[in-house]
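What the coordinates show
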Amino acid sequence: MKLLNKLMRYGLFCGLAALTGFATVSCEDEPDKYEVADGVPTVRYIRSPYAASADSLITAATTGSTICLVGENLRSIYELYFNDRQAILNSSYMTDNTMLVDVPQTIPGEVSDKIYMVTRSGETVEYDFHVTVPAPTLTAMSCEYAPVGSEVTITGNYFVDDPNVPLEVMFPGDVPVTEFTDISQSSISFIVPECTEEGPVEVTTIYGTTTSAFQYLDTRGMLFDFDGVTGLGNHGWHGREILSDETSITGNFVQLGDGVTVMSAEGGWNDSQFAFEYWAGSWDTPQNITSGDGIALFNLVDFTDYADMALKFEMYIPSSNPWSAGAMQIAFEGLDMVSYSGNPIEGYTTVGAPNAYIFNGEGSNDEGAFGRAMYRPWTNTGSYHTNDQWVTVTIPLTSFTFDRSGATATAVPNAPEDFASLTIFVVGGGVNGTECMPVFKIDNIRAVPNR
């Protein structure tokens, strides 16, 4: 309660200062202006904000949920606290008899199971109400292929490390994390334990256990591992280097950029250095798209539920060659957009010829509006590298919605057959940066469920 009293005194001071400024505005000038009422509030009950369940009275709610207070003189509420966490009041949803308010997202530090309603004069009215904290949510892992002994971070929410019930992280095969480097409500950092098994990660707090949608050492939906598992690699006009070196995370990787080739500030066209292409098909007539090198990707991975899938890959950008221009444009193409030879394909009336598609705007199938993803994290800070570590990049397949200049596309992948070929090309994107000589190492390109 000491913390609560400090918060209320501070809030009252700020509120009085604000009211002093408002006092110069005449009520006659704003006859409908919201004003804090005198007196004290009375809460009769709390209910759901939704009309369909408005008759259901509630005595508890989770952090982040919306509730409706019902009573009298509710406009006299000047500040509102759930335990020791202050809620944000929106006068648009406050009347004398009802108030809609969101329970604060932040986990309470001192739990009193009370709502505190503070008036403009400083009087406090209490109401019994329990705030529940959900089980943890797991959004992403900084590197899903992080090697044993390296530091990794899981982001999400509600990571509560209670002194009586410590937070636990379990890797596949019931391998526990034993060395934590940082724990906050929204992230956990730790050292990867001795684990060689593929699978999801579990996080347990005093409020429950959650299993991740992502998987450690994930091989589901693998398209390109560059180590022979799928057998696929370059299959287009340009043969990018398939390398392995001391930075390798799982053997071979494909590299864009050689460390000395300059990318212009506008991300100028250079497909000989900054493009990876896989075009489905072959030189046969009809083309083979069902097996071997040239298989249509939708015959390798099931894209039926593409709307609930994401493209993932591990990426390494060395600090010596940061990225500060151009967008990594990532596009899936159907057989009508591009194929390896342009020869007929059984079952398809329209077959795209090589390179007559999305990036150069040439050909009958493209006016520069075909949907692709734009990945350009350097725009947040002006320059980007991965701190000489591998990171996992995740791009939902529903976000392939941009044209080549970064505007909204008029045609986007909307059927499994649209996922036959793949192009990754760092070029343009409609945002200028600064000249750079970037290097991109990419591995384990896969399409996986994102839920």
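It should be emphasised that the depicted structure is a prediction, and the values quoted were computed from it without experimental measurement.

1. Focus on the side chain of R47
Topologically, R47 is positioned in strand 1 (residues 42-47). Setting aside residues up to four positions removed in sequence, R47 forms contacts with A54, S56, L57, I58, I67, C68 and V70.

2. Comments concerning the nonpolar core
Among the nonpolar cores identified, the biggest contains 53 residues, and F224, F303, M328, I330, F332 and I445 are the most heavily contacted of them. Ignoring sequence-local partners within four residues, the contact set of I445 consists of G221, M222, L223, F224, F226, F276, L311, K312, F313, L422 and I424. Counting residues in each nonpolar core, the second largest holds 27 residues, with I188, V192, L217 and W390 among its members.

3. Comments concerning the pairing of strand 6 (residues 98-102)
Residues of strand 6 alternate between two faces, with M99 and V101 buried on one and T98, L100 and D102 left unburied on the opposite face. Sheet analysis places strand 3 (residues 66-72) next to strand 6, joined by five bridges and oriented antiparallel. Among the inter-strand pairings, C68 is bridged to a residue of strand 6, identified as L100.

4. Here's the deal with the packing of aromatic side chains
Counted under the stated rule, the structure contains 20 aromatic pairs. Centre to centre, the rings of F180 and F190 are 6.3 Å apart; their planes meet at 65°, and the pair counts as edge-to-face. Separated by 10 residues along the polypeptide, F180 in strand 14 (residues 180-183) and F190 in strand 15 (residues 187-191) bring together distant segments of the chain. Residue classification places F190 among the buried positions, given a relative accessible area of 0%. For the ring pair W323 and Y375, a centre distance of 6.0 Å and an interplane angle of 50° mean the geometry is tilted. Here the residue W323 occupies a position in the loop between strand 22 (309-316) and strand 23 (328-333), and Y375 occupies one in strand 24 (residues 373-375), the gap between them amounting to 52 residues. Judged by relative accessible area, W323 falls into the buried class, the value being 0%.

5. Re the side chain of T261
Counting through the fold element by element, T261 comes out in the loop between strand 20 (253-256) and helix 2 (271-274). Apart from the residues within four sequence positions on either side, T261 is in contact with N270, Q273, F274, C436 and M437.

6. Examining the layout of surface pockets
The calculated volume of the second largest pocket comes to roughly 300 Å³. C143, S150, E151, Q389 and W390 are the residues nearest the centre of the second largest pocket, which is lined by 17 residues in total. Ranked by the residues each element gives to the lining of the second largest pocket, the list is headed by strand 11 (residues 151-157), at three residues. Grouping the constituent residues of the lining of the second largest pocket by class yields seven nonpolar, eight polar and two charged.

7. Description of a negative patch on the surface
Together, D174, E197, E198 and E202 give the surface a local cluster of negative charge. By relative accessible area, which is 66% here, D174 ends up exposed.

8. Some words on the sheet that holds strand 4 (residues 79-82)
With antiparallel pairing, four strands are arranged side by side in an open sheet as 5-4-7-8. Each of the sheet's edge strands pairs with one partner strand only, and the pair in question is strand 5 (85-86) and strand 8 (124-128). Pairing analysis gives five bridges linking strand 7 (residues 114-118) to strand 8, with the strands arranged antiparallel. Bridged to I115 within strand 8 is Y127.

9. So, the pattern of salt bridges
Under the definition given, this model contains 12 salt bridges. The partner of K312 in a salt bridge is E144, and the shortest N-O contact between them spans 2.5 Å. Of this pair, K312 sits in strand 22 while E144 is found in the loop between strand 10 (137-141) and strand 11, placing the two residues 168 residues apart along the sequence. Like K312, the residue E144 is buried in the burial classification. Measuring nitrogen to oxygen at the nearest pair gives 2.9 Å for the salt bridge that ties K441 to D245. With K441 in strand 27 (residues 440-449) and D245 in the loop between strand 19 (241-243) and strand 20, the pair connects residues that are 196 residues apart, well separated along the chain. Given the relative accessible area of 30%, D245 is considered partly exposed. One salt-bridge network, in which partners are shared between bridges, spans E144, K312, E314 and R446.

10. Side note on the confidence of the model for the protein
For the protein, mean pLDDT is 90; residues scoring 70 or higher make up 90% of the total. Across residues 1-28 the pLDDT falls below 50, and counting only partners more than four positions away or on other chains, this stretch makes 27 contacts in the model. Here residues 361-367 is modelled with pLDDT under 50, and outside its nearest four sequence neighbours on either side it reaches 15 contacts, counting other chains as well.

11. Some thoughts on unusual backbone geometry
Cis geometry marks the peptide bond from T285 to P286; its omega dihedral reads 0°. Look at Y158: it is not a glycine, yet its phi comes out positive at around 60°. Mapping Y158 onto the fold places it in the loop between strand 11 and strand 12 (168-171). Its relative accessible area of 7% is what places Y158 among the buried residues. Positioned with a positive phi, F226 is a non-glycine residue whose angle comes to about 65°. Checked against the element boundaries, F226 lands in the loop between strand 18 (222-224) and strand 19.

12. Some words on the environment of T63
With respect to the helices, strands and loops of the structure, T63 is situated in the loop between strand 2 (60-62) and strand 3. Residue T63 is classed as buried on the basis of its relative accessible area of 5%. Once the C-alpha coordinates of T63 and P104 are considered, the two residues, 41 residues apart in sequence, prove to be 5.7 Å apart. Beyond its immediate sequence surroundings of up to four residues, T63 is in contact with V103, P104, Q105, T106, V131, T132, V133, P134 and Y158.

Rules used throughout
Within every chain, residues take consecutive numbers counted from 1 along the sequence as written. Local features in a predicted model are, by the rule used here, given only for residues with pLDDT of at least 70; side-chain atom pairs are given and counted only at 80 or more, and totals for whole chains, interfaces and linings are based on all residues. Note that the side-chain values use all heavy atoms of the structure and ignore hydrogens as well as water. Only DSSP runs of H or I with at least four residues qualify as helices, and only runs of E with at least two residues qualify as strands; both kinds are numbered from the N terminus onward. Throughout, a residue-residue contact means that at least one pair of heavy atoms, one from each residue, lies within 4.5 Å. Nonpolar cores were defined as sets of buried Ala, Val, Leu, Ile, Met, Phe, Trp, Tyr and Cys residues, with membership established by side-chain atoms within 4.5 Å. Three exposure classes are used, based on accessible area relative to the maximum for each residue type with a 1.4 Å probe and protein chains only: buried under 20%, partly exposed in between, and exposed over 50%. Any two strands with at least two DSSP-identified bridges between them are counted as paired. Between 30 and 60 degrees the pair is tilted, below 30 it is stacked and above 60 it is edge-to-face, where a pair is any two Phe, Tyr or Trp rings, Trp via its six-membered ring, whose centres lie within 6.5 Å. Think of a 1 Å grid over the protein atoms and nothing else: a 1.4 Å probe that fits but is trapped marks a cavity, an open set flanked by protein within 12 Å on at least five of seven lines marks a pocket, and residues with an atom within 4 Å of a point count as lining. Grid points are joined across faces, edges and corners, and a volume is the space filled by probe spheres set on the points. Just so you know the grouping, Ala, Val, Leu, Ile, Met, Phe, Trp, Tyr, Cys and Pro go in nonpolar, Asp, Glu, Lys and Arg go in charged, and all remaining residues, Gly too, go in polar. Candidate patch residues must exceed 30% relative accessible area and have no salt bridge, after which like charges are joined if within 9 Å and Val, Leu, Ile, Met, Phe, Trp or Tyr side chains if within 5 Å. Per-residue accessibility takes into account occlusion by the displayed protein chains alone, with areas from the Shrake-Rupley method and a 1.4 Å probe. Salt bridge, as applied in this entry: a Lys or Arg side-chain nitrogen positioned within 4 Å of an Asp or Glu carboxyl oxygen. The positive count covers Lys and Arg only, the negative count covers Asp and Glu only, and His and the chain ends enter neither. Note that the charge is assigned to NZ on lysines, CZ on arginines, CG on aspartates and CD on glutamates. Scored from 0 to 100, pLDDT reflects the predictor's confidence in each residue.

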